[in-house]
Amino acid sequence: MSAPNIITTGHNSDGLSTFIDNPKYKAFSPHVGILYGTVGDGPINLNDNADISAFEAHDNPGLIPKEGSVVLVAEWPPGTDSIAKIHRTLSVDVGVMIEGEIICQLDSGETRLLKKGDVLLQRGTKHAWKNPSTSEPARMLCFVMPSHSVKGAKETA
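Residues numbered from 1 in each chain as written. Predicted model: local features only at pLDDT ≥ 70, side-chain atom pairs only at ≥ 80, totals over all residues. Heavy atoms only, no water.

Participant: Hey, could you run me through the overall build of the protein chain in this one?
Facilitator: A count of helices and strands for the protein chain gives one helix and 12 strands. Its helices and strands in sequence order give the protein chain the pattern β-β-β-β-α-β-β-β-β-β-β-β-β, from N to C terminus. Seen through its C-alpha atoms, the protein chain measures out along the principal axes to roughly 55 × 40 × 25 Å. Taking all 157 residues of the protein chain together, 33% fall into the buried category. As displayed, the protein chain has an accessible area near 9,800 Å², and 54% of this comes from carbon and sulfur atoms. (Helix = DSSP H or I, 4+ residues; strand = E, 2+ residues; numbered from the N terminus. Buried < 20%, exposed > 50% of the residue type's maximum accessible area, 1.4 Å probe, protein only. Areas by Shrake-Rupley, 256 points an atom, 1.4 Å probe, with all protein chains shown as cover.)

Participant: Mind showing me how you'd approach the sheet that holds strand β8 (residues 101-106) here?
Facilitator: Strand pairing in a sheet takes place through backbone hydrogen bonds and is either antiparallel or parallel in direction. Read from one edge to the other, the open sheet built from four strands follows the order β6-β11-β8-β9, with strand pairing classed as antiparallel. Of all the strands in the sheet, just β6 (87-88) and β9 (111-115) have a single pairing partner and so form its edges. (Pairing = 2+ DSSP bridges.)

Participant: Whenever I open this one, the pattern of salt bridges confuses me. Can you help?
Facilitator: Proximity of charged atoms lets side chains of opposite charge pair with each other. In this structure the tally under the stated criterion is one salt bridge. Residues arginine 139 and glutamate 75 are paired through a salt bridge, measuring 3.1 Å at the closest nitrogen-oxygen approach. Of this pair, arginine 139 sits in strand β12 (residues 138-146) while glutamate 75 sits in strand β5 (residues 69-76), placing them 64 residues apart in sequence. Of the two residues, arginine 139 and glutamate 75, both sit in the buried class. (Salt bridge = Lys/Arg side-chain N within 4 Å of Asp/Glu carboxyl O.)

Participant: Got a minute to help me understand the pairing of strand β10 (residues 119-123) in this structure?
Facilitator: Only one face of β10 is buried, namely the one carrying Leu120 and Gln122, since none of Val119, Leu121 and Arg123 on the opposite face is buried. Of the strand pairs in this sheet, strand β7 (residues 91-99) and β10 are connected by five bridges, and their pairing is antiparallel. Bridge pairing links valine 92 to arginine 123 in β10.

Participant: Even after reading the chapter, I still don't get the packing of aromatic side chains, so can you show me in this structure?
Facilitator: How two aromatic rings sit relative to each other is set out by the distance from centre to centre and by the angle between their planes. Using the criterion set out here, one finds two aromatic pairs in the structure. Between tyrosine 36 and phenylalanine 55, the aromatic rings sit 6.1 Å apart at their centres with planes inclined by 35°, giving tilted as the arrangement. Within this pair, whereas tyrosine 36 is found in strand β4 (residues 32-38), its partner phenylalanine 55 is found in helix α1 (residues 50-57), the two being separated by 19 residues in sequence. Residue class for tyrosine 36 comes out partly exposed when judged on its relative accessible area of 22%. Phenylalanine 55 sits in the buried class, given a relative accessible area of 3%. (Phe/Tyr/Trp six-rings, centres within 6.5 Å; stacked < 30°, edge-to-face > 60°.)

Participant: Mind showing me how you'd approach the side chain of serine 91 here?
Facilitator: Residue placement: serine 91 occurs in strand β7. For serine 91, a relative accessible area of 1% gives the class buried. Within the structure, the side chain of serine 91 is placed 2.9 Å from the side chain of threonine 89, a separation counted as a polar contact. Beyond its immediate sequence surroundings of up to four residues, serine 91 is in contact with Ile64, Gln122, Arg123, Gly124, Val144, Met145, Pro146 and Ser147. (Polar contact = N/O pair within 3.5 Å; in protein donor to acceptor, adjacent residues only side chain to side chain. Contact = heavy atoms within 4.5 Å.)

Participant: Quick question: what am I supposed to make of the environment of lysine 66 here?
Facilitator: Of note, lysine 66 is situated in the loop between α1 and β5. For the pair lysine 66 and serine 149, spaced 83 residues apart in the sequence, the C-alpha separation amounts to 12 Å.

Participant: Even after reading the chapter, I still don't get the nonpolar core, so can you show me in this structure?
Facilitator: The nonpolar side chains of a soluble globular protein tend to be buried, and buried together. Ranked by size, the top nonpolar core spans 17 residues in total, and within it Leu72, Trp76, Met97, Ile102, Leu114, Trp129 and Met140 carry the most contacts. Residue assignment for this core shows that the elements contributing at least two residues are β4, β5, β8 and β12. In this view, methionine 97 contacts Ile102, Leu114, Lys115, Lys116, Gly117, Asp118, Ala138, Arg139 and Met140; residues no more than four positions away in its chain are not counted. Core analysis: the second largest hydrophobic core is formed by five residues, Ile6, Leu35, Val71 and Val73 among them. (Core = buried A, V, L, I, M, F, W, Y, C linked by side-chain atoms within 4.5 Å.)

Everything listed is a geometric property; what it means functionally is a separate question.
And the structure:
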């Protein structure tokens, strides 16, 4: 997956809004890249681009933060089926489909087809992905925030 074109705004010395240099895109794997991330649990410090400096200084922020947040893009090549790798993340993930279609399967066996423009609010659920297309990739922009574990959630399918 190629890095997306990231356009970033900030402020100049006069306090006016301006476009600034983009944070470094961090390829996590061939199909997942991190666009931006924050640390800590308070409001984000934008002064002097402190947020971008902190993100760039953190070599491997990981996909599921223990605090703060991560913004990532994930891509599933045509025919991808990860049911053998069904997993749970301790996070709330807001995923926006930006290209193609993907099937989200839960450990209950329920499925939903997500299409371009759909938004998935995934709340610590055990899930897997399947790209039903034989020719088109599926791509999702995700906002990931840490969560506590879910009481009573089954750890096996």
